[in-house]
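Examination of the molecular architecture
Next come the chains, spelled out residue by residue.
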Amino acid sequence: MKPSTSSAPERVQTPFADFLAIGEGSISHRRYLSDDFGLSLVFATSAGLLFRLLPNSPPMIKTGSAPRFRSPCELLSVDSTATLLSSSSEMKNMKPPLLLFIVVSVSLGALTVSVTGNNVGAYLPTDDMAVDCGSSSNFPGDKRTWIGDAEEGSRYSPIEKTRSSVVANANSPHPSIPPVPYYTARLSRAEFTYTFHVTAGPKFVRLHFFPSDYLNFSSADSFFSVEAAGFTLLRNFSASLLADYTTPPASGFSKEFCLTVGDDQILNITFAPTPGNSDAYAFVNGIEVVSMPERLYYNSVVDSTEGIKLAGQLSPYTFRNTDALAMVKRLNVGGQFIDSAGDTGMYRTWEADDDYVTSSYIGVLPVNTTIQLSYSDQVPNYTAPDIVYTTARTMGTNKTINLSYNLTWSIKVDTEFYYLIRLHFCEFQIEINKPTDRLFEIFIDSKLVEDRADVISWSGKGVPVYRDYAVYMPAGQKKISNLSVAVGALPDGYTLYTDGILNGLEIFKISNPDRNLAGLNPDPVPVPDNQPVPPPASKASSNHRKTAKIAIVAGVASVFTVLSLLAFFLYRRRNRAKDSTSSDGTSWWGPVSFATTKSMKTQESSLPSDRCRHFSLAEIRAATNDFDEVFVVGVGGFGNVYKGYVDGAPPKWRSSG
């Protein structure tokens, strides 16, 4: 099909893209175009126009006396290098773009786009794949279709050397989680790999887990590693331990990663059970692979003159396109939970921040749902949902209280990694209009990174903006540490309002030089004494049960031994008192002086007083030459065991034979 010459398209130049305004005619059908530029969605109109929707740009329309569809697109002339694809099985999971009916105005001076409405679905992913692992059917969701990998001939079936993986339903489905993708899983005690053919560039990879028992697979035996694009995403990972560790304990959950696919346009995700344990297995309930804009997290420095500030250091942090990220926490500060359907097209979820505020005061929650947000070229409208920028948490209006604390959020993170912290801001309160109206401090891990934060100066009123920072979390006594983010108020003389504000918070773990993102498993959660332990379902669980039995028997034996010794002493005192000491006044315990000094005083004891001597710390230090290692004779459960000289005499050791 060639474009009609009778209805020439009108091209309109804007600061951001070349938009093609479709004249007369309506969309008659859509197809996919495969050419040297990759796979694109193509529309044909009744007027004979063929055009391609440009990637990474939201569709728009403009209203006027005669409404005209206006979309970021390209007029095409199909030649021998391009092939139009119909609704083949290869295309069945591709979805058409969502046309947003919004009013658009362009301001050349400010280079911002003012949007009335909301920006849900503002970004159209080039790659949008959702795999329902272990399922033999497809499930149409609100925004996309989950494809079952167990379906006959499914292109998402994993590659296996031994073909030993199985698909199964969870033995105990949980009503609090959605059936798709959590009720079915693929499990194997051998390695298996999913292969995705995608375009080059940065991608979201989300792995969904529901740690339940499946068939004869016990959730306690699941330990495995996951690798993708040359990065170790998880190592010796236990979904069961992580679910128990969260507060409150999680049923199903996902792990989100950001990584870049190379020019080969192939993404392999490999699951491998931890070696050395025959019962260990790997499993996964769902996999998402979703494109992201090139400049969402990579190449995203808003202020290029400063770079990414590294907390506690003078030099900036260098974040490379080749680094991978693991999402730790994404918060809609001061607002409600935002599910994947409420995101800007990339299926991110945003938690409410209430559970993470750890300061003595929790601030106030202003909101402005009527403000007209103005996004910029540096912070496009797909950066975060509108609701993130129209809600916030501030310190409040009490200057005395505000100067007494820092409004603080705390997130648990793995140690020995660098972290990328993104703070979202937007001034929408009617009182804040000019620079210096609200100046405040920003702290990352208790380190000052901004001493005069001024959102109005950064972007303007009602204009979303973000700032990125980096921090290193060193190793400590614990494998998990608290990463804090705080804003602090400045006193009068610096600012009009003694206050601070935050709208959104994202924290990502950055891969280390070994291309690793994996942390350690959390410690097992102790089981309360009054809570029965479930019966074991595997050999590994049986080993744990044997260990518990041994510990119980050993404990009972120890108590019996102590009671026997106590009875023996009482019996000796009562019936054999005359034979209890030697003629020189010493017992069989060794030489004991009955002379008392200031450092040795008689104390109450349940044991016979004529058989026990209480030594002061000073006497013990003197007897062991201040715990000299020369006197160490062994190591016990509480530390070293020493010999020593009491009252100047060497110790006498009883013979065992």
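Residues numbered from 1 in each chain as written. Predicted model: local features only at pLDDT ≥ 70, side-chain atom pairs only at ≥ 80, totals over all residues. Heavy atoms only, no water.

**What to know about the overall build of the protein chain**
Here is the rule we go by: We count a stretch as a helix when DSSP gives it H or I for four or more residues in a row; a strand needs E for two or more, and each element gets its number in order from the N terminus. The classification of residues rests on relative accessible area computed with a 1.4 Å probe and restricted to protein chains. Under 20% of the type maximum is buried, over 50% is exposed, and intermediate values are partly exposed. The contact rule is simple, with two residues in contact once any of their heavy atoms fall within 4.5 Å. All accessible areas in this document rest on Shrake-Rupley with a 1.4 Å probe, and a residue is counted as covered only by the protein chains that are shown.
When you go through the protein chain residue by residue, the secondary structure sums to 7 helices and 39 strands. The burial tally for the protein chain puts 46% of its 657 residues in the buried class. A fraction of 71% describes how many contacts in the protein chain between residues 6 or more apart in sequence connect residues 24 or more apart. In the structure as shown, the protein chain presents an accessible area of about 34200 Å², 54% of it carried by carbon and sulfur atoms.

**Notes on the pairing of strand S13 (residues 145-148)**
On any regular strand, side chains alternate: one points to one face of the sheet, the next to the other face. Worth spelling out the cut-off: In short, DSSP must find at least two bridges between two strands for them to pair.
Of the pairings in the sheet, the one linking strand S11 (residues 128-132) to S13 comprises 2 bridges and is parallel in character. When the sheet's bridge partners are listed, valine 131 is paired in S13 with isoleucine 147. Taken together, the 2 bridges between strand S12 (residues 139-140) and S13 define a ladder with antiparallel strand orientation. When the sheet's bridge partners are listed, proline 140 is paired in S13 with threonine 145. Hairpin connection, S12 to S13: the antiparallel pair is bridged by 4 residues.

**Focus on the pattern of salt bridges**
Once the charged atoms of two side chains with opposite charge are near each other, the side chains can pair. Note the threshold: The salt bridge definition used is simple: a Lys or Arg side-chain nitrogen within 4 Å of an Asp or Glu carboxyl oxygen.
In this structure the tally under the stated criterion is 22 salt bridges. With a shortest N-O distance of 2.8 Å, arginine 330 and glutamate 256 are connected by a salt bridge. With arginine 330 in strand S26 (residues 325-332) and glutamate 256 in strand S21 (residues 253-261), this residue pair connects regions lying 74 residues apart in the sequence. Taken individually, arginine 330 and glutamate 256 each receive the classification buried, so the pair is uniform in this respect. Residue lysine 447 pairs with aspartate 445 through a salt bridge whose shortest N-O separation is 3.0 Å. The exposure class of aspartate 445 is buried, given its relative accessible area of 16%. In this structure, a network of salt bridges that share partners links the residues Asp128, Arg144, Arg206, Glu256, Glu288, Arg330 and Glu506.

**Observations regarding the sheet that holds strand S20 (residues 231-237)**
Picture the strands of a sheet paired through backbone hydrogen bonds; they go either parallel or antiparallel. Reading across from one edge, S14-S17-S22-S19-S20 is the order of the 5 strands in this open sheet, with antiparallel pairing throughout. Every interior strand has two partners, whereas the edge strands, strand S14 (159-160) and S20, have only one. Pairing between strand S17 (residues 192-197) and strand S22 (residues 266-273): 6 bridges, direction antiparallel. Pairing of threonine 195 across the sheet is with asparagine 268, part of S22.

**Describing the packing of aromatic side chains**
Condition: Two rings belonging to Phe, Tyr or Trp (six-membered ring only in the last case) form a pair when the distance between their centres is within 6.5 Å. Interplanar angles under 30 degrees mark stacking, angles over 60 mark edge-to-face geometry, and anything in between is tilted. Put simply, a charge is over a ring when the Lys NZ or the Arg CZ is close to the ring centre, within 6 Å, and near the line of the ring normal, within 35 degrees.
Throughout the structure, instances matching the rule amount to 24 aromatic pairs. For the ring pair tyrosine 281 and phenylalanine 283, a centre distance of 6.2 Å and an interplane angle of 50° mean the geometry is tilted. Taken together, a centroid distance of 5.4 Å and an interplanar angle of 20° make the contact between tyrosine 298 and phenylalanine 319 stacked. In this pair, tyrosine 298 sits in the loop between strand S24 (286-291) and strand S25 (309-310) while phenylalanine 319 sits in the loop between S25 and S26, placing the two residues 21 residues apart along the sequence. Exposure class is identical for tyrosine 298 and phenylalanine 319. Each is buried. Here the aromatic cluster, defined as three or more aromatic residues joined through ring pairs, consists of Phe192, Tyr194, Phe209, Tyr214, Phe217, Phe224, Phe237, Phe253, Phe271, Tyr281 and Phe283. Over the ring of tyrosine 347 we find arginine 144; its NZ or CZ atom is 3.6 Å from the centre of that ring. The side chain of arginine 422 reaches across the aromatic face of tyrosine 466, ending 3.8 Å from its centre.

**Quick word on the pairing of S17**
With 2 bridges joining them, S14 and S17 adopt antiparallel strand pairing. The residue of S17 that forms the bridge with isoleucine 159 is threonine 193.

**Focus: the sheet that holds strand S30 (residues 406-414)**
For clarity, the threshold we go by: Throughout, an axis means a line fitted to C-alpha atoms (over the contacting stretch in the case of helices), and angles, computed between N-to-C directions, take values from 0 to 180 degrees.
Read across the open sheet, the 4 strands follow the order S30-S35-S32-S33; overall the sheet is antiparallel. The two strands at the open ends of the sheet, each matched to only one other strand, are S30 and strand S33 (447-453). On average, adjacent strands in this sheet sit at an angle of 15° to one another, irrespective of strand direction. Where strand S32 (residues 440-444) meets S33, 4 bridges bridge the pair, whose relative direction is antiparallel. Within the sheet, the bridge partner assigned to phenylalanine 440 lies in S33 and is alanine 453.

**Remarks on the confidence of the model for the protein chain**
Stated precisely, the cut-off is as follows: In predicted models, pLDDT denotes the confidence assigned by the predictor to each residue on a 0 to 100 scale.
Looking at the protein chain as a whole, its pLDDT mean stands at 76, while 65% of the residues score no less than 70. With pLDDT under 50 throughout, residues 536-549 is counted as low confidence; its partners more than four residues away or in other chains account for 13 contacts. Note that pLDDT drops below 50 for residues 651-657; the model gives that stretch 5 contacts with residues more than four away or on any other chain.

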